[in-house]
Amino acid sequence: MRFSLPSRLMLLLSWSVALAGCVTGQIVSGPSIVVEGAWARAADARPAGDSAPSQAQAMSAVYLTLRNDGTASDRLVAVETDVAKAAELHQTQVVDGVARMVPVTNGLTVEPGQRVELAPGGYHIMLMGLRRSLRPGDAFTLTLVFEQSGRLSVEVEVRQ
Ligand SMILES: [Cu+2]
């Protein structure tokens, strides 16, 4: 089948219109997760004067805000990063006046239209066994794994 030049042009135009519709997200259904203000506390991988066993224990925490602009809920189920041996979702709880951290085992749900804040004193992502020191001004990549949205990589800024 052969197209004359004008009809080829028409075909091209209708395709670009269809693609533009997808890109601007007018047909979005399901969750749509946005990550804001990701930062981590500065920490030394090897505290001064300490030996190998404590190096394995060097920790930091990541804080950020999750926003769901979509129409369905989603759930943060895992976190991955190269800078630490393990990254876990934790919640700080105060029991009998003593603050302690509890692993969040069932993931963190973000309902449509909701914001969930990971902030000091509440939810946070614990980095355990730092592979390198995190100095103020550094940045590293953290991958958030969502049940519906899949993997979402964010840049984390290190602060004092
Ligand atoms: Cu923790």
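Preceding block: the structure.
Below: a short report on this structure. Quick caveat, the model's predicted, so the values are computed rather than measured. (Residues numbered from 1 in each chain as written. Predicted model: local features only at pLDDT ≥ 70, side-chain atom pairs only at ≥ 80, totals over all residues. Heavy atoms only, no water.)

## Observations regarding the pattern of salt bridges
As enumerated under the stated definition, the model contains 8 salt bridges in all. Across the pair D69 and R67 runs a salt bridge whose closest N-O atoms are separated by 2.7 Å. Owing to a relative accessible area of 23%, R67 belongs among the partly exposed residues under this scheme. Of the charged contacts in the structure, one is a salt bridge between E147 and R75, with a shortest N-O distance of 2.4 Å. Taken together, the residues span a long stretch of sequence, with E147 in the loop between β9 (139-146) and β10 (150-159) and R75 in strand β3 (residues 74-81) at a distance of 72 residues. Overall, the relative accessible area of 43% leaves E147 in the partly exposed class. Note on R75: relative accessible area 24%, which makes it partly exposed. One network of salt bridges, in which partners are shared, links E36, R67, D69 and R115. (Salt bridge = Lys/Arg side-chain N within 4 Å of Asp/Glu carboxyl O. Buried < 20%, exposed > 50% of the residue type's maximum accessible area, 1.4 Å probe, protein only. Helix = DSSP H or I, 4+ residues; strand = E, 2+ residues; numbered from the N terminus.)

## Some remarks on the coordination of the copper ion
On the protein side, the copper ion has H90 (ND1), M101 (SD), H124 (NE2) and M126 (SD) as donor atoms, found 2.1 to 2.3 Å from it. The coordination sphere of the copper ion comprises 4 donor atoms, whose angles at the metal cover 92 to 125°; the geometry is tetrahedral. For the copper ion, the donor residues sit on a single chain with the sequence spacing H-x10-M-x22-H-x1-M. One end of the pair, H90, is in strand β4 (residues 84-95); the other, M101, is in strand β5 (residues 98-103), with 11 residues separating them in the sequence. Looking at M101, the relative accessible area reads 41%, which means it is partly exposed. (Donors = N, O, S within 2.8 Å, 3.2 Å for Na, K, Ca; no water. Tetrahedral: all angles 85-135°; square planar, octahedral: opposite > 155°, others 65-115°.)

## Here's the deal with the environment of A139
With respect to the element layout, A139 can be found in strand β9. In this structure A139 comes out as partly exposed when scored by relative accessible area, which is 38%. In this structure the C-alpha to C-alpha distance between A139 and R159, which are 20 residues apart in sequence, comes to 9.4 Å. Apart from the residues lying within four places of it in its own chain, the contact partners of A139 are R132, E155 and V156. (Contact = heavy atoms within 4.5 Å.)

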